[in-house]
Amino acid sequence: MTFLTGGAWRRTVAGIAAAVLLVGLPAAAPAAAATKKVDTVLEWYDVTAVAVATGTRPQVTNSRAWAIGWLAAARAVRTVPIGTAHHYRDAALASAIHTALSSLIPEAAPTLDAALQATLTRIPDGRAEERGIAAGQAQARSLLAQRAGDGLDSASVNPAYPAPEPAPGIWQPTPPSFGAAQQAGNRFATPFLLDRVDRYRPAPPPALDSARYRTDLAEVRAYGAADSVVRTPQQTDTATFWLGSSLTLYTGILRAALAQSTRHVAWRASLVAVFHVALVDTQIATSDAKYAYLRWRPVTAIRAGADPDWTPLHTTPAHPDYPSGHNTYSGAAEQVLTALIGPRAREPYTIGSPSQPGATRTYRDWRRPTLENVDARVWSGIHTRTADEAGVELGRDVAAHAVRNASLLFR
């Protein structure tokens, strides 16, 4: 089966070319990198994951922290002073991420300080370490200044948003809490690489009286109900596994890609940076589309029709249906990994889920999680299939744009 066709395949090929340009490094890393006792890239990937999990912030705000920290690190390790070798890179990478995250997530300072001390203890004192620390700090501070006031802080992401007047097809607060709309402010934020937040806005959702919409709604009503008699236990497991934060779920997937890579430190740091830059821009574009169309959620539509007591398997998030944010995320993640690595992982990888503790799933490529995400949101009773599929395409388009233009991040 062909992984991507048509425009998507052309975007992937263009992305691969951009990926080579983006760091200007050979395809294979020196074999010595694999013999180091501690992989500093993975070490600081895990430190970042722990730091980001500290406190409560919107997903896009956390994605921004990943993007700033790792873009600063990628910039710092690109140019290595003569004679300083990997000691410089390790110090630069650790210092950049530590400086960025200490500013963005101050409550994680104890964890970050301890991790920096552990990394620097392994590096011999001297010029390489000093230069690396200075470079990492400088790149992080520069990037923090550039991104100040970008509209991705918690308050800007979730401003007060009055519910629209009730009307067929128009989003309304959803049960059981009927909370105010979330993420409405994302669409006003400053992207990293998108020149316009609406550049890849999908076409409008199907008309309420269209055959496509009737089919979509019937599927959600049957398969997404809390008391569904047609949804299988396996489908329920899929819906539950993919219910949690996309950022959390894909942290394991990106880590697997990073761990399996044999590329240089600079390339691997750039992979993490470009991934999260693309995902920040995707979440901004998602908010633009959601609040442009304001399509009501399936629970509102079904209750307004013939089934006023209908309840979804999982609680509906407080923002419009079209397009699905989970699926813009999965489409973007799939596109970045496919463009920069290829359609398949080097080895099978296994991830867990915060919404289904103890459960794991093993994959061999980057596409399967996307397909499961599409089904999962229908089986949860949260989204129509059309909203899911439109989300995947929006995510792929924004991510392809990010990969094509990734060299702009490193000027």
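Residues numbered from 1 in each chain as written. Predicted model: local features only at pLDDT ≥ 70, side-chain atom pairs only at ≥ 80, totals over all residues. Heavy atoms only, no water.

### Observations concerning the overall build of the protein
Inference 1: Broken down by element type, the protein carries 15 helices and 2 strands.
Inference 2: Taking 22 Å as the expected radius of gyration for a compact globule of 411 residues, we find that the protein reaches 22 Å, a close match to that expectation.
Inference 3: Dimensions along the principal axes, computed over C-alpha positions, put the protein at roughly 75 × 45 × 40 Å.
Inference 4: Out of the 411 residues belonging to the protein, those deemed buried represent 57%.
Inference 5: Partitioning the intrachain contacts of the protein with sequence separation of at least 6 by distance along the chain shows that 82% fall at a separation of at least 24.
Inference 6: Within the structure as shown, the protein displays about 16600 Å² of accessible surface, and the carbon and sulfur contribution to it stands at 55%.
Inference 7: When the 40 basic and 33 acidic side-chain charges of the protein are each reduced to a single mean position, those positions are 6 Å apart. (Helix = DSSP H or I, 4+ residues; strand = E, 2+ residues; numbered from the N terminus. Rg over C-alpha atoms; globule rule 2.2 N^0.38 Å. Buried < 20%, exposed > 50% of the residue type's maximum accessible area, 1.4 Å probe, protein only. Contact = heavy atoms within 4.5 Å. Areas by Shrake-Rupley, 256 points an atom, 1.4 Å probe, with all protein chains shown as cover. Lys, Arg positive; Asp, Glu negative; His and termini not counted. Charge placed at Lys NZ, Arg CZ, Asp CG, Glu CD.)

### Considerations on the environment of Tyr-200
Inference 1: Position of Tyr-200 among the secondary structure elements: in the loop between α7 (154–157) and α8 (211–223).
Inference 2: Along the chain, Tyr-200 and Pro-173 lie 27 residues apart, while their C-alpha atoms are 27 Å from each other.
Inference 3: Apart from residues no more than four positions distant in its own chain, Tyr-200 is found in contact with Leu-194, Leu-394, Asp-397, Val-398, His-401 and Arg-404.
Inference 4: Polar contacts involving the side chain of Tyr-200 include one to the side chain of His-401, which spans 2.9 Å. (Polar contact = N/O pair within 3.5 Å; in protein donor to acceptor, adjacent residues only side chain to side chain.)

### Observations concerning the side chain of Thr-386
Inference 1: The residue Thr-386 is located in helix α15 (residues 385–404) in this model.
Inference 2: Ignoring anything within four residues of it in the chain, the contact list for Thr-386 reads Pro-206, Arg-212, Asp-216 and Tyr-322.

### Comments concerning the side chain of Ser-63
Inference 1: Topologically, Ser-63 is positioned in helix α3 (residues 59–78).
Inference 2: Residue classification places Ser-63 among the buried positions, given a relative accessible area of 0%.
Inference 3: With near-sequence residues (within four places) excluded, Ser-63 lies in contact with Leu-247, His-276, Val-280, Gln-283 and Tyr-329.

### Concerning the confidence of the model for the protein
Inference 1: Considering every residue of the protein, the mean pLDDT works out to 90; 90% of them sit at 70 or more.
Inference 2: This model gives residues 1–36 a pLDDT under 50, and the stretch forms 55 contacts once residues within four places in sequence are excluded. (pLDDT = per-residue confidence, 0-100.)

### Focus on helix α6 (residues 127–147)
Inference 1: The end-to-end C-alpha distance of α6 is 30 Å, a good match for the 30 Å that 21 residues give at a rise of 1.5 Å each.
Inference 2: Three or more residues of α6 are buried, namely Ala-128, Glu-129, Gly-132, Ala-135, Gly-136, Ala-140, Leu-143, Leu-144 and Arg-147. Seen from one end, α6 has its buried residues packed into an arc of 155°, which puts them on one side. α6 presents Arg-127, Glu-130, Arg-141 and Ala-145 as exposed residues on the side facing more than 90 degrees away from its buried surface. (Expected span 1.5 Å × (residues − 1). Arc of directions from axis to C-beta.)

### Thoughts on the nonpolar core
Inference 1: In terms of nonpolar packing, the biggest core is built from 88 residues, with Trp-44, Trp-70, Leu-93, Trp-242 and Phe-275 touching the most fellow members.
Inference 2: Looking at this core, the element that brings in the most residues is helix α11 (residues 265–293), giving 14 residues.
Inference 3: Judged by nonpolar contacts, the second largest core, of 12 residues, contains Leu-217, Ala-225, Val-378 and Trp-379. (Core = buried A, V, L, I, M, F, W, Y, C linked by side-chain atoms within 4.5 Å.)

### As for a nonpolar patch on the surface
Inference 1: On the surface, a nonpolar cluster with roughly 280 Å² of combined accessible area is contributed by Tyr-223, Val-229 and Val-230.
Inference 2: For Tyr-223, a relative accessible area of 31% gives the class partly exposed. (Patch = residues over 30% accessible without salt bridge, like charges linked within 9 Å, V, L, I, M, F, W, Y side chains within 5 Å. Salt bridge = Lys/Arg side-chain N within 4 Å of Asp/Glu carboxyl O.)

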